[in-house]
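Chain by chain, the residues run as shown.
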Amino acid sequence: MIKFAKAFYTKQLPTQYQNNRLIEALPQIKTTDEITIAMLKEPRFSRSEADQPSEVKQYSLNKIFAYFHPLDEHIKLAYDIDIMIREGYVGRNPNDKINPVLSSERPLDCDTDYDSVRSAGFVGISGAGKTTSTNKILEMYDQVILHDRHNALTQVVWLKIECPLDGSLKQLCISFFMEMDNILGTNYHEKYGKKRNSIEDMIAMMTKVASIHYLGILIIDEIQNLSEAKSGGASKMLNFFVTLNNTISVPTLLIGTLKAKKLLQEDLRHGRRMDGRSIPDWKGLENDELWEVFVEGLWEYSWVKNHPELNHEFLNILYEESQGIIDVTMKLYALAQHYVIMNGSETLTPDTFKYVAKKGLVYMRPMLDALKSGDPIEIAKYSDMSLLSFDEIKTNYFTPSAILKRNIKNEDEARELLNQKIVDIITRLQLEGIEYDVAEECVEELVKKHPRLTVTELSYKAFNKINKKSNSSSKVKLSEDLVLLNLYKEAKESEVDVHSVFRENGIIKKPIGELY
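From a predicted model like this one, the values you see are computed outputs, not experimental measurements.

Parameters at a glance
- Residues numbered from 1 in each chain as written.
- Predicted model: local features only at pLDDT ≥ 70, side-chain atom pairs only at ≥ 80, totals over all residues.
- Heavy atoms only, no water.
- Buried < 20%, exposed > 50% of the residue type's maximum accessible area, 1.4 Å probe, protein only.
- Helix = DSSP H or I, 4+ residues; strand = E, 2+ residues; numbered from the N terminus.
- Pairing = 2+ DSSP bridges.
- Contact = heavy atoms within 4.5 Å.
- Axes fitted to C-alpha atoms, helices over the stretch in contact; angles between N-to-C directions.

**Here we look at the pairing of strand S7 (residues 252-256)**
For a regular strand, side chains alternate in direction, first toward one face of the sheet and then toward the other.
And step 1. Here S7 lies mainly inside the structure; 5 of its 5 residues are buried.
And step 2. Across 5 bridges, the pairing between strand S2 (residues 119-123) and S7 is parallel. Note that in S7 the partner of alanine 120 across the bridge is leucine 253.
And step 3. Examined bridge by bridge, strand S6 (residues 217-221) and S7 share 3 bridges and lie parallel to one another. Bridging from a neighbouring strand, leucine 218 pairs with threonine 252 of S7.

**Details of the sheet that holds strand S1 (residues 5-6)**
And step 1. A sheet is described by the order of its strands in space; here 3 strands give the open sequence S1-S3-S4, paired in mixed fashion. If you trace the sheet from one side to the other, it starts and ends with S1 and strand S4 (153-156), each paired once.
And step 2. Two elements, strand S3 (residues 144-147) and S4, share 4 bridges in a ladder whose sense is antiparallel. Looking at the pairing, leucine 146 lines up with threonine 154 of S4.
And step 3. Along the sheet face, helix H6 (residues 169-184) touches S3 and S4 and points at about 120° away from the line of S4.

**Structural notes on unusual backbone geometry**
And step 1. At glutamine 323, a position not held by glycine, the phi torsion is positive, near 55°.
And step 2. Checked against the element boundaries, glutamine 323 lands in the loop between helix H14 (312-322) and helix H15 (326-342).
And step 3. For glutamine 323, a relative accessible area of 12% corresponds to the buried category.
And step 4. Positive phi, normally seen in glycine, also occurs at glutamate 346, with a value near 55°.
And step 5. Among the structural elements, glutamate 346 can be located in the loop between H15 and helix H16 (350-360).
And step 6. The class for glutamate 346 is buried, based on a relative accessible area of 8%.

Next up, the structure:
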């Protein structure tokens, strides 16, 4: 049995909201701090969880995606939606004998400009948090409220439907009836959602149902999925939303990717309606204080044993690889932890994030590159790109077997490079008259001790070491011109100070202490 919230009435401070039980049954208008607390989601976590087995920790990583920290744009959206709901109810007071919004027998309350509050368009790139934020805001309201005093009525505060992929306008209407049935236990889909009904008939029935249940706001998500071909072209789609707005007389919030912006702005008449409440386009966060606040909160959720302190290098790397897109940032952070936990290193470094971004976010690269370019045309091409889930990325790129294969491959490549370095040094020493066995023993020892030195630097060190062990009469003179030339070339290619390289290799002496 479906249970509804029972109406509890509280007096509203704004005078236009008073003596209207539809509004007085809503929560009191919240302060910014109250909205922040209501929307904030911090999953239970203890640093001791980092000591759990790696197989267990990979399950815990999903807690990252439950974390939600409301930022300025989320607070603004919460107020926008709240105002739309309350203002939409001003002209539909059930205490009035005639509903002024649905009738022309009396004018609207002159204190409220209804035309300016009915609709809003809300667009942004995939992963910016549009749907998650909207859902968090709607959770602050009882969706269905039962009024049993005086004339009993069932109030639906909000209804959110999603456009199906390649969907038609008719299918969108059917979704409305199905969702109403889902929350009310009614059978509107069976009565009004038959496919043989025309769109005009369905809109008329939607208006009737919305009026009966005093719908507060209709939210239509993923509107970029509406198919122009199946809907009779962009013009018909625009007319549908205008007609829906005019007849259903309920505030409507349309949510979509930047691809939908063209649809919302193409018709001037519709464009004015979508500007009733100004909701800026949602893109990625800027690399500023808000970004730091968001990452600081996220950074606490770490199951890595050797968890580093957050610094500007990590902040900049995360921003560079995610372009401030909240969904991408959370996936990147979870993937980095998953990778170092499963390979056993248990250590996060800036290079870790670069690596997992390169391997795991390869399918997002066109969109991220477009965002980096700042070119609106390029951004629009990829703005509605679907983002893989964390589990899909793990399955495709970061399974234990895939990580093991990459580690083995990396080790083999490193070993091959090391062996080639040893061969090159030995060959140089042989050219200077040093026997192979003597050169091999010395070079292998030096390479283990100084793996990052270049071939020229190691050759010079090996030659000096061998000469020190030999009798002065049997010392071999290495071609100093060749050594100097090679060291000079390598210093220039590496963009390091030549003087420093010569001093490190003992070619230039310190003026005090080494010459006297």
